[in-house]
Number of protein chains: 2
Amino acid sequence: MLRQITASTQVCAIIKDPVEHSLSPQIHNAAFQSLNLDMVYTAFHVRSGRLCEAIMGVRALGVRGLSVTIPHKVDILSELDELDSVSRHVHSVNTVVNDGGSLKGYTSDGYGALRALSAADVSLAGASIVVIGSGGAARAICFTLATVEPFPKVAILGIDEREGQDLRRDLCEATGLPVTFETLQDDKLQIALESASLVIQATPVGMSPKEGKSPIPSYMLREDLAVFDIVYTPLETRLLKEASGVGAKTISGLGMFVHQAAAQFELWTGRKAPVDVMTAAVEKSLAP
Amino acid sequence: MLRQITASTQVCAIIKDPVEHSLSPQIHNAAFQSLNLDMVYTAFHVRSGRLCEAIMGVRALGVRGLSVTIPHKVDILSELDELDSVSRHVHSVNTVVNDGGSLKGYTSDGYGALRALSAADVSLAGASIVVIGSGGAARAICFTLATVEPFPKVAILGIDEREGQDLRRDLCEATGLPVTFETLQDDKLQIALESASLVIQATPVGMSPKEGKSPIPSYMLREDLAVFDIVYTPLETRLLKEASGVGAKTISGLGMFVHQAAAQFELWTGRKAPVDVMTAAVEKSLAP
């Protein structure tokens, strides 16, 4: 239940196409409500070719903040006045803050992942981390890992050789992060995992239409390897189920989703996000 | 209390400058809630020079409907795809319906006035009506009165000779409504009121900064003259207080405000507006 909307209520929104399956309205309105903020969060269905007009409208209507997702995360770069450093490296934006008509873009996915790991007491400073995947999510996570001191050691394994090498090179050039890239093959994965304390699964494998699949053969999992899967539908992927089976610590993508939203909330409001409330709102919305 | 906002919730909004004192969010959200519609109503502060971008945004974001008020009611005409007939005559719009990106403008103020009079059992068909004022509100009411069969007889009295003559001429040309215009002087007003059954006060006299003033000397009021004042802050103007004092039927501007909103609601939703709920929401918001 929301407080009453009045003429002074600020609006934040998600722009997305299609828009139907986002849980962002539930999570953000629960957070606004919990802190009794005079804000409301809605969803706007914005098609690819209409992004420029939509952003003009955001400025003219005074929309306070945006969550940005498919298909706008890259196209929106040219519409903004300023980018934070992670967004510049990641070449995408999932969060916009409107300060009196000036729009600044941020990428909160990586922060979401780091906060979720921190909330699960997984230590990142100086850790040895295997990242599966080299797409946008992997890129956001890797560039945010580069903010951790001392740098973790990062081994990326992915199926797209060119995308992976680009990510490795960009990371090295921009941050000096010690990072390697290998194509995702069982022998290479096994070697990388042997010295790792944490694996981050940053591909869509495990969710529909690849539900029931796992990029890591179960025999490579062990009790002292923390396993983080960015997928949260289903909440427990095959990978997490098998990791759990060998007694490993598991962290689901739900935590990343909640914590990236918490980072957005803090950018829009300047207030500490009520993470427990936001988690409960998502769990309630996901309940069958 | 509102139902939960989700990704499928449609957005309607008021655009206004300044935006702070509008009661439209309260009245429309109460109506959406009452019919359990998946819609929410917010307020956007849009400055004069930004209307074009705001309307582009309304199209690109898929905002379902707008309430339009100061200072945009005239400027918005050139931004729309279509106008209803009253808006074309009144040269202003207070309501926009967005049907898949095509925007149609309406003027619901006049309908609001007529519905408020009808709800108070004031008969308009063939009546003799005095209208005080010749500005936008008077124009909207007069052109809507022209839709009543048989036509009422309308005498307009106002202080702006040119504006009043323009309104009289436009009304005659467009509708054939029997209408006269006189400057607002006591002798002319007295003659006009003698044969009238209803007077419609359509100027800002009676509200701040002219609170406590009335355009009709009290000795001209009588028990069988219904008195409608479009002002609703204060709820009982000096005119309505004096009319009440002689036993006349009085109708306050609150009814017009509620009924113009009801007409907007029906245009956006295709559903019959819950007028009682909307009235209660406004009364609650106006309560000291």
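Residues numbered from 1 in each chain as written. Chains lettered and ligands numbered in written order. Predicted model: local features only at pLDDT ≥ 70, side-chain atom pairs only at ≥ 80, totals over all residues. Heavy atoms only, no water.

The next subject is the packing of helix α5 (residues 136–145) of chain B against helix α6 (residues 161–175) of chain B. Residue and element names in this part refer to chain B. Orientation of α5 relative to α6, taken along the N-to-C sense of each, is 20°, at an axis distance of 11 Å. With respect to α6, the element α5 is oriented roughly parallel. Where α5 crosses over α6, the handedness of that crossing is right-handed. From α5, A138, R139, C142 and F143 reach across to α6, where they touch D166, L167, D170, L171, A174 and T175. Of the residues belonging to the contact of α5 with α6, the class tally is six nonpolar, one polar and three charged. (Axes fitted to C-alpha atoms, helices over the stretch in contact; angles between N-to-C directions. Helix = DSSP H or I, 4+ residues; strand = E, 2+ residues; numbered from the N terminus. Parallel < 35°, antiparallel > 145°, perpendicular 65-115°, else oblique. Left-handed = near helix turned anticlockwise from the far one by under 90°. Contact = heavy atoms within 4.5 Å. Nonpolar A, V, L, I, M, F, W, Y, C, P; charged D, E, K, R; others polar.)

Taken together, the contacts link 31 residues of chain B with 31 residues of chain A. Summing both sides of the interface, chain B and chain A together bury roughly 2,700 Å²; the carbon and sulfur share of this comes to 69%. Contact with chain A buries surface across chain B, with I5(B), A7(B) and L61(B) losing the most and accounting together for 25% of the total. Applying the counting criterion to the chain B and chain A interface returns zero salt bridges. Connecting chain B to chain A are zero residue pairs in polar contact (both at pLDDT 80 or more). (Buried area = accessible area lost by both parts, 1.4 Å probe. Salt bridge = Lys/Arg side-chain N within 4 Å of Asp/Glu carboxyl O. Polar contact = N/O pair within 3.5 Å; in protein donor to acceptor, adjacent residues only side chain to side chain.)

Here we take up unusual backbone geometry. Here the bond from I70(A) into P71(A) is cis, since omega is 0°, no more than 30 degrees from zero. Counting through the fold element by element, P71(A) comes out in the loop between β3 (65–68) and β4 (82–83). Of the consecutive residues T233(B) and P234(B), the connecting peptide bond is found in the cis state with omega at 5°. Checked against the element boundaries, P234(B) lands in the loop between β12 (226–229) and α8 (238–245). One non-glycine residue, H91(B), adopts positive backbone phi at about 60°. Mapped onto the fold, H91(B) is located in the loop between α3 (85–90) and β5 (95–99). Owing to a relative accessible area of 42%, H91(B) belongs among the partly exposed residues under this scheme. (Buried < 20%, exposed > 50% of the residue type's maximum accessible area, 1.4 Å probe, protein only.)

The two copies are related by a screw operation: chain B maps onto chain A through 180° of rotation and 0.0 Å of translation along the axis, at an RMSD of 0.0 Å. With respect to symmetry, the two chain copies, as superposed, fit the operation of a two-fold axis. Of every C-alpha in chain B, the one belonging to G57(B) sits nearest the axis of rotation, 1.7 Å from it. Looking at chain B, 100% of its interface residues are interface residues in chain A too, so the copies touch through the same face. (Least-squares fit on C-alpha atoms with pLDDT ≥ 70 in both.)

So, about the packing of aromatic side chains. Residue and element names in this part refer to chain B. Evaluated as defined, the whole model comprises six aromatic pairs over all chains. An angle of 25° between the planes, with centres 5.0 Å apart, marks the rings of Y232 and F257 as stacked. In this pair, Y232 is assigned in the loop between β12 and α8 and F257 in helix α9 (residues 253–269), connecting sequence segments 25 residues apart. Looking at Y232, the relative accessible area reads 22%, which means it is partly exposed. Note on F257: relative accessible area 11%, which makes it buried. (Phe/Tyr/Trp six-rings, centres within 6.5 Å; stacked < 30°, edge-to-face > 60°.)

Residues and elements named next belong to chain A. Within helix α4 (residues 109–119) the residues assigned to the buried category are D109, G110, G112, A113, L114, A116 and L117. The inward-facing, buried residues of α4 abut α5 (136–145), β10 (198–201), β12 (226–229), β13 (250–251) and α9 (253–269). Phi turns positive one or two residues past the end of α4, at D121, with a value near 60°.

Before going further, it helps to spend a moment on the environment of L239(A). Residue and element names in this part refer to chain A. When you line up the elements, L239 lands in helix α8 (residues 238–245). For L239, a relative accessible area of 1% puts it in the buried group. Taking C-alpha positions, L239 is 21 Å from D160, a pair spaced 79 residues apart along the chain. Among all residues touching L239, those that are not within four sequence positions of it are Q201, S214, I216, L221, V227 and D229.

Looking now at the sheet that holds β13(A). Residues and elements named next belong to chain A. Spatially, six strands are ordered β9-β8-β7-β10-β12-β13 in an open sheet, and the strand pairing comes out parallel. Every other strand in the sheet has two partners, leaving β9 (179–183) and β13 as the edge strands with one partner each. Running at roughly 165° to β12, α8 makes contact with β10, β12 and β13 of the sheet. (Pairing = 2+ DSSP bridges.)

What follows concerns the pairing of strand β2 (residues 39–45) of chain B. All names here are of chain B. In terms of residue burial, β2 counts as a mostly covered element, since six of its seven residues are buried. Two elements, strand β1 (residues 10–16) and β2, share seven bridges in a ladder whose sense is parallel. Residue pairing across strands places Q10 opposite M39, the latter belonging to β2. In the classification by handedness, the crossover that spans β1, the intervening helix α1 (residues 24–34) and the parallel β2 is right-handed. (Right-handed = clockwise from strand over helix to strand, strands pointing away.)

A few words on helix α7 (residues 186–194) of chain B. All names here are of chain B. For α7, every residue scored as buried is listed here: L189, A192 and L193. In a view along the axis of α7, the buried residues occupy a sector of 95°, so they form one face of it. Exposed and facing more than 90 degrees away from the buried side of α7 are I191 and E194. In the core, the buried residues of α7 are packed alongside β7 (128–132), β8 (153–158) and β10 (198–201). (Arc of directions from axis to C-beta.)

What follows is about the pattern of salt bridges. Counted by the stated rule, this structure contains 24 salt bridges over all chains. Between R222(A) and D224(A) there is a salt bridge, with the nearest N and O atoms lying 2.6 Å from each other. Since its relative accessible area comes to 56%, D224(A) is described here as exposed. The partner of K73(B) in a salt bridge is D109(B), and the shortest N-O contact between them spans 3.0 Å.

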